Amino acid sequence: MVDLWREDGGRSFHAEYSPTDKNLVLLDRDFPPRYWSGSDGRTTRIWALQPEGKTLTELAARNRDCAHTHAVWSFDGERVLYHGRNRREGGWILGVCSPGGEVLREYDMPDAPYYGHVSAMQGKEALLLDGNVSDNLLTWLYHDGELARIEVIAAHNTEWGSLPGQTSHPHPLCAPDGRWISFNTTQKGRSDVAVVRV
C-alpha cells in the first residue's frame, strides 16, 4: 500500500481517481468538530490532489459553506459534481466545478429537504441524484443553464435507514455507455441491486 496523502487530525472519504488523468484524485479533507458535515467550519472539504507532486487544489463551493460532499468526476474528467447542506439558508446546494476549482454552476435549493448522493451521468449535462429533491425518485438535475431543471428517471423505493449504515441508500451509478443505471433498493430488511434502462 502506498500513501497518496497523509495529514494529522483529519479524516478522508470518497477518494476517486480522475477517469482521464491518473495523477489527479478527488479527496475529502474532514476536520473536527463536524468532520463530514462541515469540517472545522473553515476548511473546504473537497480538494483535487496530484499525488506525484503532493499538490492540493481547493474545490470550494460558491457560497463558501464547507459542508459539500459526494464529489464525483464527470465521465470526461472535465468537471467535478457535488452537493452539500446549505447551513445558511437550509436545504442543499448542488454544483459543478472544474478540476482547477472554478465553480461553473451552483444551485441553491433551500426547499430540498432530503439526504442523498450525487453521481455522474454519461451523455447528459446532469447530476444523477437519489435524494435531495425526492426521497423516492432517481432524478437528473441538468446543469446546462442558469436555472436547474429536474427530470424523473424512476422510483428507487428504498426504505432509507432501515439497515445499519448506508446499506439502504440507493447510491446510483451510470454504466459507461449511458444506457443503464444501477442502484440499491431496500425493503423489509433486504437490500437488492436493481437496474433501470434509460
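We now turn to the structure provided with this report. (Residues numbered from 1 in each chain as written. Predicted model: local features only at pLDDT ≥ 70, side-chain atom pairs only at ≥ 80, totals over all residues. Heavy atoms only, no water.)

### A short note on the packing of aromatic side chains
Two aromatic rings, taken as a pair, are described by how far apart their centres are and by the angle between their planes. Worth spelling out the cut-off: Two aromatic rings, drawn from Phe, Tyr or Trp (for Trp, its six-membered ring), form a pair once their centres lie within 6.5 Å of each other, and the interplanar angle then sorts them: stacked below 30 degrees, edge-to-face above 60, tilted otherwise. Strands are runs of DSSP state E lasting at least two residues, helices are runs of H or I lasting at least four, and both sets are numbered from the N terminus onward. For every residue, the accessible area obtained with a 1.4 Å probe (protein chains only) is divided by the maximum for its type, and the residue is called buried under 20%, exposed over 50%, and partly exposed between those limits. Any Lys NZ or Arg CZ found within 6 Å of a ring centre and within 35 degrees of that ring's normal is scored as a charge over the ring.
For the structure shown, the criterion picks out one aromatic pair. Consider the rings of W92 and Y115, whose centres lie 6.3 Å apart with planes at 65 degrees: the pair is edge-to-face. Residue W92 is found in strand 7 (residues 92-97), and its partner Y115 is found in the loop between strand 8 (103-109) and strand 9 (118-120); the two are separated by 23 residues along the sequence. Since its relative accessible area comes to 3%, W92 is described here as buried. Of note, K124 hangs over the ring of W140, and the distance from its end group to the ring centre comes to 4.3 Å. One residue, R149, lies across the ring of Y142, its end atom 4.4 Å from the ring centre.

### Quick notes on unusual backbone geometry
Backbone torsion omega between P32 and P33 reads 15 degrees, so that peptide bond is classified as cis. Relative to the helices and strands, P33 is located in the loop between strand 2 (25-28) and strand 3 (46-50). Backbone geometry places H70, a non-glycine residue, at a positive phi of 50 degrees. With respect to the helices, strands and loops of the structure, H70 is situated in strand 5 (residues 68-73).

### Re a nonpolar patch on the surface
Note the cut-off: Candidate patch residues must exceed 30% relative accessible area and have no salt bridge, after which like charges are joined if within 9 Å and Val, Leu, Ile, Met, Phe, Trp or Tyr side chains if within 5 Å. Here, Shrake-Rupley sampling with a 1.4 Å probe gives the accessible areas, and only protein chains in the shown set may cover a residue. A pairing counts as a salt bridge when a side-chain nitrogen of Lys or Arg comes within 4 Å of a carboxyl oxygen of Asp or Glu.
On the surface, a cluster of nonpolar side chains totalling about 290 Å² of accessible area is made up of V2, L4 and Y17. The residue V2 is located in the segment before strand 1 (16-17) in this model. Using a relative accessible area of 67% as the deciding quantity, one classes V2 as exposed.

### Here we look at the pairing of strand 12 (residues 149-155)
Our working definition: Only when DSSP finds a minimum of two bridges between them are two strands counted as paired.
Pairing analysis gives six bridges linking strand 11 (residues 137-142) to strand 12, with the strands arranged antiparallel. Within the sheet, the bridge partner assigned to L141 lies in strand 12 and is I150. In this antiparallel pair of consecutive strands, strand 11 and strand 12, the connection spans six residues.

### Examining the sheet that holds strand 14 (residues 180-187)
A sheet is described by the order of its strands in space; here three strands give the open sequence 13-14-15, paired in antiparallel fashion. Two strands close off the open sheet at either side, each with one partner strand: strand 13 (173-174) and strand 15 (190-197). Here strand 14 runs beside strand 15; their pairing, made up of eight bridges, is antiparallel. Along strand 15, the bridge assignment pairs T185 with D192.

### Thoughts on the pattern of salt bridges
The tally for this structure, following the rule as stated, stands at nine salt bridges. As a salt-bridge pair, R79 and D76 come within 3.5 Å of each other at their nearest N and O atoms. Looking at D76, the relative accessible area reads 36%, which means it is partly exposed. Across the salt bridge formed by R79 and E125, the nearest N and O atoms sit 3.6 Å from each other. Here R79, found in the loop between strand 5 and strand 6 (80-85), pairs with E125, found in the loop between strand 9 and strand 10 (126-129); they are 46 residues apart in sequence, far enough to count as distant. Here R79 falls in the buried class, since its relative accessible area comes to 17%. Residue classification places E125 among the partly exposed residues on the basis of a relative accessible area of 37%.

### Quick look at the sheet that holds strand 1
Taken together, four strands build an open sheet; the order of strands is 1-2-3-4 and the sheet is antiparallel. Either end of the sheet is taken by a strand with one partner, and the two such strands are strand 1 and strand 4 (55-58). Pairing of strand 2 with strand 3 involves four bridges; the strand directions are antiparallel. Note that in strand 3 the partner of D28 across the bridge is I46.

Any functional reading would require information that these geometric values do not contain.
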